[in-house]
Amino acid sequence: KEKAPTAATTLVEHGVSLVLGSYGSDESMAGSSVFEAAGIPVVGANCTNPAVTADNQHYFRICWLDTFQGSALANFAAEHLAASTVYCLAEQEDNYSAGLCSYFIQAFTALGGTIVYETYPAGTTDFAPYLQAAQRANADVFFAPVSIESAVWITAQAGELNLDMPILAGDTWDSNVVAAAGKNANLDIYVTTFFDDSVQSEEGKAFVEGFQQYISSLDSRLKHNGGNTMVSAISAMGYDAYFTVLEAMKNAKSADPQAIQEALWNTSYSGITGEISFESENGDANRSTAFIKKVDKDFGTWEFITVQSVG
């Protein structure tokens, strides 16, 4: 996030008409004011913190918000995992993990559940004290919606400690790296995600096939994808974001940033991750369901569990 304003300035200097991104909420917020000052619209694919689009008119996104994701995760923990006590872990000064934990806690306590909440400093690699704290608290679920880097450490150490509770996380854990780590650690890991290649339209299946062919056509691409052709939901969301802004440009009949921004408010697109449109206040996506996936411990892949909605 420290580098985001510089990256945003570079794009502005290149004279772009619109921007896709960024990967995460913190990065999106850090670069946002640069685009706002330049009058350039931005469409995020998976920046889920509500603050990204709050109090501005230039930032849009095709993903759901953490207010929804936190509630969906809380409902899943209560309904499907029969949890009454959840241990929540977030990284200090990280808007994504702290925010998602906050929304989860609100929803889970409203359902009658009990929460134990802790944070850890950035750069932590020893998560054993937190995992042991969850065990001492007799938690039913270990909820840690943190970065992939932290996820790998948590998963490996949870396996070493024979953690006797499922791990629950948000969309950042939807990665082949985490799936492989879950197999090695023999853990039950569940995540919310935007896309699952087993529950898709014909267009979605075509995307998956094309993605896998592309990745497997060069060893370097395969290496960058973790050594396999697994499709991350982030890739699917990036694909849909691209075609959504293309539709907005067609509607605007222009490459002028202001014309595109005005067109985005009324743009809709039928994507591989679902129907995409923007609500009229903040430019957030109209989405009300999430996929829940679990690590298949036999193969180190993701297994579809359910579609989770919130009443």
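These lines cover the structure that appears in this document, whether it is placed above or below. Keep in mind that this is a model prediction, so the values were computed, not measured.

### Some remarks on the overall build of the protein chain
Thought 1: Regarding its fold elements, the protein chain presents 11 helices and 12 strands.
Thought 2: Relative to the 2.2 N^0.38 estimate, which gives 19 Å for 311 residues, the radius of gyration of the protein chain is 19 Å and therefore close to what a compact globule would have.
Thought 3: Projected onto its principal axes, the C-alpha positions of the protein chain cover 60 × 45 × 35 Å.
Thought 4: Every one of the 311 residues in the protein chain was classed for burial, and the buried ones make up 51%.
Thought 5: The contacts of the protein chain with a sequence gap of at least 6 include a subset with a gap of at least 24, amounting to 64%.
Thought 6: Looking at the protein chain as shown, the accessible area adds up to about 13600 Å², and 49% of this sits on carbon and sulfur atoms.
Thought 7: Treating the 14 positive side-chain charges of the protein chain as one cloud and the 37 negative ones as another, the clouds have centres 6 Å apart.

### What to know about the packing of helix H3 (residues 66-79) against helix H4 (residues 95-110)
Thought 1: Running from N to C, H3 and H4 cross one another at 50 degrees; their axes reach a closest spacing of 7 Å. Classified by the angle their axes make, H3 and H4 are oblique. Of the two possible hands of crossing, H3 and H4 adopt the one that is right-handed. Together, Asp66, Thr67, Gln69, Gly70, Ser71, Leu73, Ala74, Ala77 and Ala78 of H3 and Tyr96, Leu100, Tyr103, Phe104, Ala107 and Phe108 of H4 make up the contact between the two elements.

### Some remarks on the packing of aromatic side chains
Thought 1: Counted according to the given criterion, the structure contains 18 aromatic pairs.
Thought 2: Judged by centre distance (5.9 Å) and plane angle (85 degrees), the ring pair of phenylalanine 195 and phenylalanine 207 falls under edge-to-face. Of this pair, phenylalanine 195 sits in the loop between strand S8 (189-193) and helix H8 (202-216) while phenylalanine 207 sits in helix H8, and the two are 12 residues apart along the sequence.
Thought 3: Among the residues examined, phenylalanine 195 registers a relative accessible area of 1% and is labelled buried.
Thought 4: Between phenylalanine 243 and tyrosine 269 the ring centres are 6.2 Å apart and the planes differ by 10 degrees, which places this aromatic pair in the stacked class. One end of the pair, phenylalanine 243, is in helix H10 (residues 233-252); the other, tyrosine 269, is in strand S9 (residues 269-271), with 26 residues separating them in the sequence.
Thought 5: Taken together, Phe195, Phe207, Phe211, Tyr239, Tyr242, Phe243 and Tyr269 form an aromatic cluster joined through their ring pairs.
Thought 6: Seen from the ring of tyrosine 214, arginine 221 lies directly overhead, with NZ or CZ sitting 3.8 Å from the centre.

### Structural notes on the packing of H10 against helix H11 (residues 257-264)
Thought 1: At a closest axis distance of 8 Å, the pairing of H10 and H11 adopts a crossing angle of 110 degrees. Taken as axis vectors, H10 and H11 run roughly perpendicular relative to one another. Residues Ala248, Met249, Asn251 and Ala252 of H10 form the contact with H11, whose own contacting residues are Ala259, Ile260, Ala263 and Leu264.
Thought 2: Here the contact of H10 with H11 is built from residues that sort into 7 nonpolar, 1 polar and no charged.

### Concerning the sheet that holds strand S2 (residues 42-44)
Thought 1: Overall, parallel pairing links the 3 strands, which are arranged S1-S2-S3 in an open sheet. Looking at the sheet topology across the chains shown, the edges are occupied by strand S1 (19-20) and strand S3 (59-61).
Thought 2: Pairing analysis gives 2 bridges linking S1 to S2, with the strands arranged parallel. Bridged to leucine 20 within S2 is valine 43.

### Observations concerning the side chain of aspartate 26
Thought 1: If you trace the backbone, aspartate 26 turns up in helix H2 (residues 25-38).
Thought 2: For aspartate 26, which is buried and forms no salt bridge, the nearest opposite charge comes from lysine 1, at a distance of 4.0 Å.
Thought 3: Among residues more than four places away in sequence, those in contact with aspartate 26 are Lys1, Glu93, Asp94, Asn95 and Tyr96.

### Considering the sheet that holds strand S4 (residues 85-91)
Thought 1: Read across the open sheet, the 7 strands follow the order S5-S4-S6-S7-S8-S11-S12; overall the sheet is mixed. At either margin of the open sheet sits one strand with a lone partner, and together these are strand S5 (114-120) and strand S12 (301-309). Geometrically, the sheet is characterised by an average inter-axis angle of 25 degrees between neighbouring strands, direction not taken into account.
Thought 2: Here 3 bridges tie S4 to strand S6 (residues 141-143), and the two strands are oriented parallel to one another. Within S6, the position partnered with valine 86 by the bridge is valine 141.

### Quick look at H8
Thought 1: Look at H8: 21 Å from first C-alpha to last across 15 residues, which is about the 21 Å you get at 1.5 Å a residue.
Thought 2: Within the span of H8, buried status applies to Gly204, Phe207, Val208, Phe211 and Ile215. One face of H8 carries all of its buried residues, which in axial projection span an arc of 100 degrees. Exposed residues pointing more than 90 degrees away from the buried face of H8 are listed as Glu202, Glu203 and Gln213.
Thought 3: Against helix H9 (219-224) and H10 lie the buried residues of H8.

Calculation notes
Residues numbered from 1 in each chain as written. Predicted model: local features only at pLDDT ≥ 70, side-chain atom pairs only at ≥ 80, totals over all residues. Heavy atoms only, no water. Helix = DSSP H or I, 4+ residues; strand = E, 2+ residues; numbered from the N terminus. Rg over C-alpha atoms; globule rule 2.2 N^0.38 Å. Buried < 20%, exposed > 50% of the residue type's maximum accessible area, 1.4 Å probe, protein only. Contact = heavy atoms within 4.5 Å. Areas by Shrake-Rupley, 256 points an atom, 1.4 Å probe, with all protein chains shown as cover. Lys, Arg positive; Asp, Glu negative; His and termini not counted. Charge placed at Lys NZ, Arg CZ, Asp CG, Glu CD. Axes fitted to C-alpha atoms, helices over the stretch in contact; angles between N-to-C directions. Parallel < 35°, antiparallel > 145°, perpendicular 65-115°, else oblique. Left-handed = near helix turned anticlockwise from the far one by under 90°. Phe/Tyr/Trp six-rings, centres within 6.5 Å; stacked < 30°, edge-to-face > 60°. Lys NZ or Arg CZ within 6 Å of the ring centre and 35° of its normal. Nonpolar A, V, L, I, M, F, W, Y, C, P; charged D, E, K, R; others polar. Pairing = 2+ DSSP bridges. Salt bridge = Lys/Arg side-chain N within 4 Å of Asp/Glu carboxyl O. Expected span 1.5 Å × (residues − 1). Arc of directions from axis to C-beta.

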